[in-house]
Amino acid sequence: MTATELWQEIGAGESILTRIVRLIFMLVAAAAFYFLAVLPMSWPQQAVCGLLILLMALALARSSDSYLITLTLMIMSVFCTFRYAIWRITTIVQFFRNPTSHWGALDAFFILSLILAETYAFIILFLGYFQTIWPLRRAPVALPDEEEEWPHIDVLIPTYNEPLDVVRFTALGALNMDWPVDKLHVYILDDGRRDEFRQFAAEAGIGYKTRNDNAHAKAGNINAALKSTDSPYVAIFDSDHVPTRSFLQMTMGWFLRDPRLAVLQTPHHFYSPDPFERNLQQFRIIPNEGELFYGIVQDGNDFWNATFFCGSCAVLRRQALDEIGGIAVETVTEDAHTSLRLQMKGWGTAYINIPQAAGLATERLSAHVGQRIRWARGMIQILRIDNPLFAPGLRFPQRLCYLNAMLHFLYAVPRLIFLTAPLIYLILSHTNVPGSWAAILAYALPHLILSNVTNSRIQGEHRHSFWNEIYETVLSPYILLPTMMALINPGLGKFNVTAKGGVVKRTFFDTRIAQPFLILLILNLAGLLFAFPRFFLWDRDRPGTVLMNVLWCCFNVIILGVATAVAREMRQLRTTVRIAIVTPVRACIPDGRVLEGETIDMSSGGSSIRLSEPVDLPLQTELLLSFPLPAGESHLRAGVVTIEGSVLRVKFEHLSIAEQEVLTTVLYSRADSWLGWGETRKSDNVLLSLAHIFQISIHGLVATTQSLFNFKKSSRKKAQRVSATTSAVLALAAMLWSAAPHLHAQPAIDPQAVAVWWTRLALWFPAVPGLAAVVVMVLAFLLATWLRNWLRMKARTRLKMLD
């Protein structure tokens with residue numbers, strides 16, 4: 001970061017004197033924090049200091065929901081993490097320099113691997129705090145009163161192999177957005193070149209475009225359409241993302257207000273459960289995997305003018321696209337790459353956190369993994385091709401936001417290290433963390449607890465505690481190779497389309513996708529078995545060291561238990577997703593009566609309706625349903641499937657294009673369709689979330705065991721494969737253990753020294769540790785106060801700079 005950039009970021013729009021005062025305060029606070037972070041303490045002193053910081057932080061967290069307290073906790077968390085990092089590095093250096101350590105090459109490898117994994121975690125923690133330090137929460141801007149001033153818009157819906165039953169509702173939803181008909185141009189971009197799509201487009205009055213090849217996949221498809229269209233703005237929707245009627249009304253105002261705005265992104269909302277939600281039966285109980293990004297990260301990016309284009313549910317300015325040569329085609333994540341190049345040219349981006357479109361989540365874990373592999377590979381490709389640290393035209397905060405997004409997908413190696421680190425000591429008898437177990441806990445616990453509490457406060461509404469570990473554990477074995485290969489050669493790999501709208505005909509355990517989790521699980525269980533002889537026979541003088549690694553192993557087993565449970569694919573025979581929608585409806589029955597009622601739920605295939613009075617109708621009776629819509633009542637034909645008192649279920653069949661439009665409007669396109677989905681969820685609590693995960697893990701481990709060893713239902717071949725894998729892993733663990741030298745895993749603690757330190761603890765309490773903890777809290781609060789005022793001013797400047 002240059003001095004000029006620092007000067008600009010400290011106080012845009014402030015007087016020189018104010019900037020100087022703020023800069024001096026920042027430097028003094030940073031120097032004080034650094035001094036306290038490197039201040040040497042014995043482990044009892046550090047235990048007192050860390051405990052006091054934790055108690056004060058937890059008291060602050062419980063005292064108020066103020067964002068000032070959140071910023072204070074963030075700063076205290078950074079301090080504890082930095083102090084832990086300094087201690088870890090210092091301890092490792094001392095360990096290698098100590099001639100009595102008796103370390104070997106394997107010890108050095110294990111120790112350095114773990115500290116590198118922790119360093120990555122520290123960096124991601126700091127960047128995450130920076131990225132989400134002030135979510136902007138941008139509101140829509142009103143359009144001009146005169147529709148003549150509203151611009152023409154091309155709506156592009158790229159498709160390749162998705163079924164027409166998925167694409168038709170997106171196209172009809174786009175066609176019925178609230179925008180002047182003569183200024184709204186909807187096109188299906190069919191890279192599959194299918195006759196039924198051409199016919200549907202002609203019947204619905206929608207544009208249809210194809211090309212002679214499939215070069216550059218989705219990006220090439222859009223770029224080809226851009227050459228044959230000319231509206232000044234382009235809205236893009238994936239084939240399963242159905243827009244609401246209000247989409248353009250909510251987004252276009254900012255383009256008319258800001259002539260340098262290139263992209264405005266809205267959330268990707270999913271009305272069907274992803275594999276984690278479906279297989280773990282957590283749909284609408286916990287936030288889904290993508291909600292953290294769209295719920296908090298994108299709002300944080302918007303504050304720094306670093307919002308990412310996400311490929312769908314967004315509007316782009318054609319002039320900006322023309323300036324960079326269209327959608328980027330060099331990587332498989334063309335969307336984020338495009339927004340990066342736009343911002344390198346000085347264009348702005350924006351985000352409105354109001355769901356204005358909804359789509360289908362991936363049904364099976366294998367498809368979900370494939371999609372994430374593409375994302376991971378693409379982001380690393382961007383890191384290699386247009387590294388944001390060195391790309392011209394970016395401001396320093398933009399560089400950090402893009403860098404964090406790309407570094408995030410390198411979590412595979414650190415996560416796998418964390419999942420195996422305790423085995424280094426428990427099974428192999430090598431050192432994993434130099435230092436006494438008491439010192440490790442004294443330094444590590446404040447960092448771990450405070451970072452979890454702070455993150456829960458920042459993002460708990462969108463990501464419950466410890467679920468990040470689950471998501472990364474599931475994906476790490478699969479994104480490891482693609483990301484490493486992309487680092488070496490960014491040109492490797494190809495674009496793959498994520499399958500949507502499928503079914504799962506039976507419940508089954510996907511042993512192929514679960515193999516890495518099973519191997520890791522078996523290894524950690526083996527580590528727990530080795531802990532017994534190590535505790536009672538081999539290392540009786542190091543009970544704390546053994547117990548600390550056992551706790552680490554137990555946590556890994558819990559996480560891996562959930563990971564294996566996700567691989568148990570639950571049966572799903574419905575080809576259409578049922579959505580809980582309560583809306584008034586009038587049912588006209590054959591005898592002429594009109595009954596009032598309301599829907600209970602709906603799908604594109606049918607609906608459940610609660611009428612105002614019981615009704616007795618033969619099955620297959622055709623009804624005419626009337627729904628109140630902005631343009632007046634619209635009708636929809638339906639056939640009766642079942643009747644239970646006043647509740648009947650109906651089925652939609654052979655609908656005309658006009659009726660399909662009505663169904664699209666009622667089911668997907670209401671302006672409030674996707675609002676309030678998270679309101680019924682329980683708030684995040686670190687301990688309760690861990691307990692909830694523990695319950696899911698136990699259930700998952702039991703179900704996994706039954707699936708693997710229920711030989712009556714499993715094929716003999718699968719049973720043999722599982723048995724062979726288990727035997728091989730156990731044999732490998734035994735071989736490694738028998739071949740490993742029995743080194744002292746960590747220095748033992750002299751019981752007499754412990755007694756002496758705890759005797760002196762009362763004398764030290766009011767001195768260095770207590771004073772350091774108080775100073776940390778006071779400095780953090782003062783710095784948070786200044787930071788809040790500066791962030792508030794910067795947010796107002798960003799939103800009102802065009803007034």
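**Examining the overall build of the protein**
For the protein, the helix and strand inventory stands at 25 helices and 18 strands. A total of 803 residues make up the protein; the buried ones form 57% of that total.

**Considerations on a negative patch on the surface**
Taken together, the side chains of Asp145, Glu146, Glu147, Glu148, Glu149 and Asp182 define an acidic patch exposed on the protein surface. Tracing the sequence through the fold places Glu149 in the loop between helix 5 (105-131) and strand 1 (153-159).

**Quick look at the pattern of salt bridges**
Counting across every chain of the model gives 28 salt bridges. Between Arg318 and Asp154 there is a salt bridge, with its nearest N and O atoms 2.9 Å apart. Taken together, the residues Arg318 in helix 12 (residues 318-324) and Asp154 in strand 1 connect sequence positions 164 residues apart. Looking at Arg318, the relative accessible area reads 9%, which means it is buried. Across the pair Asp238 and Lys218 runs a salt bridge whose closest N-O atoms are separated by 2.6 Å. With Asp238 in the loop between strand 4 (233-236) and strand 5 (242-243) and Lys218 in helix 8 (residues 217-227), this residue pair connects regions lying 20 residues apart in the sequence. In the salt-bridge network here, residues are joined through shared partners; they are Arg534, Asp539, Asp541 and Arg542.

**What to know about the nonpolar core**
Among the nonpolar cores identified, the biggest contains 114 residues, and Phe33, Ile53, Phe79, Ile133, Leu450, Trp467 and Leu791 are the most heavily contacted of them. Those residues in contact with Phe79, other than ones at most four positions away along the chain, are Phe33, Leu36, Ala37, Ile53 and Val776. Within the second largest apolar cluster, 38 residues are counted, among which are Ala171, Ala201, Leu261 and Ile657.

**What about the sheet that holds strand 10 (residues 357-359)?**
On the basis of which strands lie adjacent, the open sheet formed by 3 strands has the order 5-10-7 and mixed pairing. On the outer flanks of this sheet lie strand 5 and strand 7 (269-270), each paired with one strand and no other. Here strand 5 pairs with strand 10 via 2 bridges, running antiparallel. Across the sheet, Val242 pairs through a bridge with Ala358, a residue of strand 10.

**Some details on the side chain of Gln356**
Along the polypeptide, Gln356 turns up in the loop between strand 9 (348-351) and strand 10. For Gln356, the side chain forms a polar contact with the side chain of Ser246, separated by 2.4 Å. Gln356 has contacts with Val242, Pro243, Thr244, Ser246, Phe247, Met250 and Ala671, leaving out every residue within four places of it along the chain.

**What to know about the sheet that holds strand 8 (residues 314-317)**
Sheet strands associate in pairs through backbone hydrogen bonding, adopting either a parallel or an antiparallel arrangement. Taken in spatial order, the 7 strands line up as 3-2-1-4-8-6-9 in an open sheet, and their pairing is mixed. Looking at the sheet topology across the chains shown, the edges are occupied by strand 3 (207-209) and strand 9. The mean inter-strand angle of the sheet, taken between neighbouring strand axes irrespective of direction, is 25°. With 3 bridges connecting them, strand 2 (residues 184-190) and strand 3 associate as parallel partners. Within strand 3, the position partnered with Ile188 by the bridge is Tyr208. Most of the contacts of helix 8 go to strand 1, to which it runs at about 145°, and overall it touches strand 1, strand 2, strand 3 and strand 4.

**Section: the packing of helix 13 (residues 334-344) against helix 14 (residues 365-385)**
Packing of helix 13 against helix 14 brings their axes to within 9 Å, and their N-to-C directions diverge by 30°. Classified by the angle between their axes, helix 13 and helix 14 sit roughly parallel to one another. Here Ala336, His337, Leu340 and Arg341 of helix 13 come into contact with helix 14, specifically with Met379, Ile382 and Ile385. Split into classes, the residues belonging to the contact of helix 13 with helix 14 amount to 5 nonpolar, 1 polar and 1 charged.

**A few points about the environment of Arg798**
Looking at the secondary structure, you find Arg798 in helix 25 (residues 768-800). On a C-alpha basis, the gap between Arg798 and Leu136 in space is 9.1 Å, while along the polypeptide they are 662 residues apart. Setting aside residues up to four positions removed in sequence, Arg798 forms contacts with Leu136, Arg138, Asp302, Phe303, Asn305 and Thr349.

**Observations regarding the packing of helix 19 (residues 511-538) against helix 20 (residues 543-566)**
Packing of helix 19 against helix 20 brings their axes to within 9 Å, and their N-to-C directions diverge by 155°. Viewed along their axes, helix 19 and helix 20 adopt a mutual orientation that is roughly antiparallel. Both helix 19 and helix 20 take part in a crossing whose hand is left-handed. Between helix 19 and helix 20, the contacting residues are Phe517, Leu518, Leu520, Leu521, Asn524, Leu525, Gly527, Leu528, Ala531, Arg534 and Phe535 on the first element and Pro543, Val546, Leu547, Val550, Cys553, Cys554, Asn556, Val557, Leu560, Ala563 and Thr564 on the second.

**Thoughts on a nonpolar patch on the surface**
On the surface, Trp437, Leu441, Leu445, Leu448 and Ile449 cluster together to form a nonpolar patch covering roughly 370 Å² of accessible area. When you line up the elements, Leu445 lands in helix 17 (residues 437-459). Residue classification places Leu445 among the partly exposed residues on the basis of a relative accessible area of 36%.

**Describing helix 4 (residues 67-97)**
Compared with the 45 Å implied by 1.5 Å per residue over 31 residues, the 45 Å span of helix 4 between its first and last C-alpha is a close match. The backbone nitrogen of Leu68 lies 3.0 Å from a side-chain oxygen of the residue at the head of helix 4, namely Ser66.

**Observations concerning the packing of aromatic side chains**
As enumerated under the stated definition, the model contains 29 aromatic pairs in all. Here the aromatic cluster, defined as three or more aromatic residues joined through ring pairs, consists of Phe169, Tyr271, Phe283, Tyr668, Trp674 and Trp677.

**Structural notes on the confidence of the model for the protein**
Of the residues in the protein, 88% have a pLDDT of 70 or more, and the chain-wide mean is 87. Counting interchain partners and residues more than four positions distant, the pLDDT-below-50 stretch residues 761-766 has 8 contacts.

**Description of the state of the cysteines**
In this structure the tally under the stated criterion is 0 disulfides. Just so you know, Cys310 is unpaired, no disulfide at all, and the nearest cysteine sulfur is the one on Cys313, 8.8 Å from it. Unpaired in this structure, Cys553 has its nearest cysteine sulfur neighbour in Cys554, at a distance of 7.0 Å. Its relative accessible area of 0% is what places Cys553 among the buried residues.

**Quick word on helix 8**
Because the α-helix completes a turn every 3.6 residues, residues three or four places apart line up on one side. Among the 11 residues of helix 8, 8 are classified as buried, and the element is accordingly described as predominantly covered. Turning to helix 8, its buried residues number three or more, namely Lys218, Ala219, Gly220, Asn221, Ile222, Asn223, Ala225 and Leu226. Looking at the buried residues of helix 8, the elements they touch are strand 1, strand 2, strand 3, strand 4, helix 12 and helix 13.

**Section: the pairing of strand 14 (residues 594-602)**
Both strand 13 (residues 584-588) and strand 14 contribute to a ladder of 5 bridges, which runs antiparallel. Looking across to strand 14, one finds that Cys588 is bridged to Val594. Between the end of strand 13 and the start of strand 14, which pair antiparallel, lie 5 residues, with Gly592 showing a positive phi angle near 95°. Where strand 14 folds back on strand 15 (residues 606-611), the antiparallel hairpin that results is connected by 3 residues.

How each quantity is defined
- Residues numbered from 1 in each chain as written.
- Predicted model: local features only at pLDDT ≥ 70, side-chain atom pairs only at ≥ 80, totals over all residues.
- Heavy atoms only, no water.
- Helix = DSSP H or I, 4+ residues; strand = E, 2+ residues; numbered from the N terminus.
- Buried < 20%, exposed > 50% of the residue type's maximum accessible area, 1.4 Å probe, protein only.
- Patch = residues over 30% accessible without salt bridge, like charges linked within 9 Å, V, L, I, M, F, W, Y side chains within 5 Å.
- Areas by Shrake-Rupley, 256 points an atom, 1.4 Å probe, with all protein chains shown as cover.
- Salt bridge = Lys/Arg side-chain N within 4 Å of Asp/Glu carboxyl O.
- Lys, Arg positive; Asp, Glu negative; His and termini not counted.
- Charge placed at Lys NZ, Arg CZ, Asp CG, Glu CD.
- Core = buried A, V, L, I, M, F, W, Y, C linked by side-chain atoms within 4.5 Å.
- Contact = heavy atoms within 4.5 Å.
- Pairing = 2+ DSSP bridges.
- Polar contact = N/O pair within 3.5 Å; in protein donor to acceptor, adjacent residues only side chain to side chain.
- Axes fitted to C-alpha atoms, helices over the stretch in contact; angles between N-to-C directions.
- Parallel < 35°, antiparallel > 145°, perpendicular 65-115°, else oblique.
- Nonpolar A, V, L, I, M, F, W, Y, C, P; charged D, E, K, R; others polar.
- Left-handed = near helix turned anticlockwise from the far one by under 90°.
- Expected span 1.5 Å × (residues − 1).
- Phe/Tyr/Trp six-rings, centres within 6.5 Å; stacked < 30°, edge-to-face > 60°.
- pLDDT = per-residue confidence, 0-100.
- Disulfide = S-S within 2.5 Å.

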